[in-house]
Amino acid sequence: MTAPLSDLSIVVRASGVAAAYAARLLGTMGGKVLLAEPEGGTPLRREPPFLPCEDGQAGATSALFAYLAAGMDSEVVADAARLSQLLTDADVFIDDTPVAERERLGLDEAAIAGRYPQLIHVSVLPFGASGPKCGWKGEDVVIQHAGGEGNLLPNGLAVEMFPDRAPLKIAGHFGAMQGGIAAALGALAALWDRPARGGQFVDISCQDANLAVGAFAIQRLGDGSIEHRVERSFRYGGVIPCEDGYLELLTLEQRQWDGLVKLLGNPAWALDPALADSLERSRRGPEINEHIRAWAAVRKVDDIVSAGQTLGVPLARYKTPAQILADPQERHRGVFQKLPVGDAGELDVLVSPFHFDAAPLTLAGGPPPLKDMPVLARAKG
Amino acid sequence: MAKPLAGIRIADFTVHNAGPFCTNLLSQLGAEVIKIESAMRPDAFRKPHPVYGRMGPATFDQVASTKLSVRINLKKSDGIALAKRIVGVSDIAAESFRPGVMDRLGLGYEALKSVKDDIVMLSVSSSGQSGPDSHFAGYAPLFGAWGGLGELTGYEDGPPVEIRHVMDHTVGMHAATAVMAALHRRRATGKGSHVDVAAREVAAALVGDMMLLAAAGGSPARRGNAHPRMAPHGVYPAQGEDRWLALAVTSDAEWSALADLMGRSELASDARFSKEADRQENRFAIDAIVSEWTAGKDAGEAAAQLQQAGIGAHASWTTPEIASDDHLRMRRAIVEVAEPDGKLRAAVGVPMRLSKGSEIGIDRGTPKLGEHEDHVYGELLGMGRDERRALEDAEVIY
């Protein structure tokens, strides 16, 4: 199968996760991505944690950079003339240069549009390239809280246990990555339109993207309800502690509840005729959860999940990355590909969550070395 | 001037949130999306949703906005035939049933290809169309649990955290990107394709760096709001009940600026904090200092001051604050949509601004069940009134 974007050429200037993730998405679907780096390399190369070397010693390859840049080519682009040369042949230019610096670098919307009329110019910034906050900075934690979801987490068991703690961000770079996905989608939408309208400027704000994926809170506001992390827990189910870990349980449909009752062994409390009504179950959620938690606390996660899924009860183990790497499902799907990853050696790299025509995608290689810098000298300093 | 995806038509069989969010994004970008449902199995938003605490139907559903609605009873063979006629005039067929359901209905990829050779079919599911877990039922929090995102989210000393609708919707946004890629290939090669998006793999992709760390023998773990390099970094108390300020100091220069802003310039040269590695080592002490300062400040004003000083910060916003924000409204990330009774309410736009073409975003609110059958059955499929009535009487259009 030909990768879907194999005819596409992308140049990316990425100092942050959002722009790099956009390029990664396009690259995993076949686009040829060139990472245009400043002297010394993109700051992403210096983000911890660093991967241990094959011999177990501390290494110098950033896990984040290696993941984001796998499959890309890299070039240190120190002058405007070289960048201009690269952009002349590119279909898409993804850039996270702050707005205030763009004009000086000749990277502002008007300059790019004037020089490359067929280029899709994608700007990816924490708060976008237009609007009163377009100059504002924002790391992932800031983006998640500006977009709303940050204030609404944690929920369920965690907020029951720690109701007075500060709200909690989603792990890793979730907020920035939302900007990256929106940027990839924006690039492809603009490319679709290119035969009719030529190149154009795509303005992506990570805040907007976080708000979009959190749209239900706005929907509930319109329904007259203001969500709060303490109240938005599922009425029953959610994170359930077991003897050897945690599982997630969520029954939305009657048949799933019926399956759960069977899984629990048809206990007397669950056979209360009043609980046949989903509204009543919702009202008595805390009581139901007490029973479920007591039952699960003395059982193993895999036993519950396996029996429950057979009965059509939606259940899942909270899996660690190591468990996912070894999981038969992910192995079967070809989610990971062995690739050379700097001084960490050959490792399983997650490729893509997409299959096209029943086949997984593949990466052309691991993360690119910085060509003007010896591998072991990086990052450690 | 048209929106960028004008001319693209989608036969939309998706249910719940992830799939519908995907097709909603594409509809906001100009695709004509025909939502296929029935009175027997109406979309979840048309019914009460007590587990989420909604005791009646929704009057507005974000992911159904801008779509067209038709009724088809897929339990009838004539219903399947009618669905295929819609696919025959579409570019994309999107579905999010459990793997195998579309095949059993006679609407699998091969069947749809025989109707429309270059169709792009999108299947969104919890675990993908293949593999030992492919039959698993699942919703957003389960995707996060399977994919590692839930396990890694949480306080260091607490349990994992369930990731809610944002998980569904990030699956949907990924799916929209994959579908657009398939359309590009169709334009280049004339060939359609079957796009298979596994929600748990999307969750794993969002922590792909931690997967890599584990593959190298490391042990990724929950870190709360902490960052492995930056300190201070997190969510700090602000003035007022349940008010918080998110901030991150990315460099020594920013730390120096924060020290000045707090009126504690001496902290910039304090050996415990002056260098990034030292601040990381003493992050609990630094959090206490910053918290003492933020606790007396209005979150919004403090964020503006911090930004002025070159430090990334924002108030931890509640939904009403977001809905009324000038910046988001100017960018059309927040828009007004009319309810059936004409009342306006806030909704969320498509997260991008394009420099050319007409304004993208939501055109209409939530369609009534079967609201657009005159257009779809009458104009697109050329069905006469008698044919439609016969199918209604036979509970095919139902």
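Residues numbered from 1 in each chain as written. Chains lettered and ligands numbered in written order. Predicted model: local features only at pLDDT ≥ 70, side-chain atom pairs only at ≥ 80, totals over all residues. Heavy atoms only, no water.

### Structural notes on the overall build of chain A
When you go through chain A residue by residue, the secondary structure sums to 16 helices and 15 strands. Along the first, second and third principal axes, the C-alpha set of chain A runs to 75 × 55 × 45 Å. Long-range contacts, defined here as pairs at least 24 residues apart, represent 68% of the contacts in chain A between residues at least 6 apart. For chain A, the accessible surface area stands at approximately 13400 Å², while carbon and sulfur atoms represent 54% of it. Of the side-chain charges in chain A, 35 are positive and 47 negative, and the distance between the mean point of each set is 1 Å. (Helix = DSSP H or I, 4+ residues; strand = E, 2+ residues; numbered from the N terminus. Contact = heavy atoms within 4.5 Å. Areas by Shrake-Rupley, 256 points an atom, 1.4 Å probe, with all protein chains shown as cover. Lys, Arg positive; Asp, Glu negative; His and termini not counted. Charge placed at Lys NZ, Arg CZ, Asp CG, Glu CD.)

### Concerning the domain arrangement of chain B
As far as domains go, chain B holds domain 1 (9-207 + 324-394) and domain 2 (233-316). A C-alpha centroid distance of 42 Å is found between domain 1 of chain B and domain 2 of chain B. (Domains from an automatic or database assignment.)

### A short note on the environment of Gly300(B)
Counting through the fold element by element, Gly300(B) comes out in helix 13 (residues 299-308). Sequence-wise, Gly300(B) and Lys76(B) are 224 residues apart; in three dimensions their C-alpha atoms are separated by 57 Å.

### Considering the side chain of Asn155(A)
By the secondary structure assignment, Asn155(A) is in the loop between helix 6 (140-146) and helix 7 (157-161). Asn155(A) has contacts with Arg229(A), Arg232(A), Ser233(A), Val161(B), Glu162(B) and Arg164(B), leaving out every residue within four places of it along the chain.

### Structural notes on the interface of chain A and chain B
Contacts between the two partners involve 148 residues from chain A and, on the opposite side, 151 residues from chain B. Across the chain A to chain B interface the summed buried area is about 13000 Å²; carbon plus sulfur atoms make up 65%. Broken down residue by residue, the surface that chain A buries against chain B is led by Leu185(A), Trp192(A) and Arg197(A), which jointly contribute 7%. The tally of links from chain A across to chain B stands at twelve salt bridges. Where Asp203(A) meets Arg331(B), a salt bridge forms, and the shortest distance between an N and an O atom there is 2.9 Å. Taken together, the links from chain A to chain B amount to 56 residue pairs in polar contact (both at pLDDT 80 or more). Here the element with the most residues in the side of chain A that touches chain B is helix 8 (residues 174-197) of chain A; it accounts for 15 residues. For the side of chain A that touches chain B, the class distribution of residues is 83 nonpolar, 35 polar and 30 charged. In this structure, strand 8 (residues 200-205) of chain A lies alongside strand 12 (residues 353-354) of chain B, joined through two bridges in antiparallel fashion. Bridging from a neighbouring strand, Asp203(A) pairs with Arg353(B) of strand 12 of chain B. (Buried area = accessible area lost by both parts, 1.4 Å probe. Salt bridge = Lys/Arg side-chain N within 4 Å of Asp/Glu carboxyl O. Polar contact = N/O pair within 3.5 Å; in protein donor to acceptor, adjacent residues only side chain to side chain. Nonpolar A, V, L, I, M, F, W, Y, C, P; charged D, E, K, R; others polar. Pairing = 2+ DSSP bridges.)

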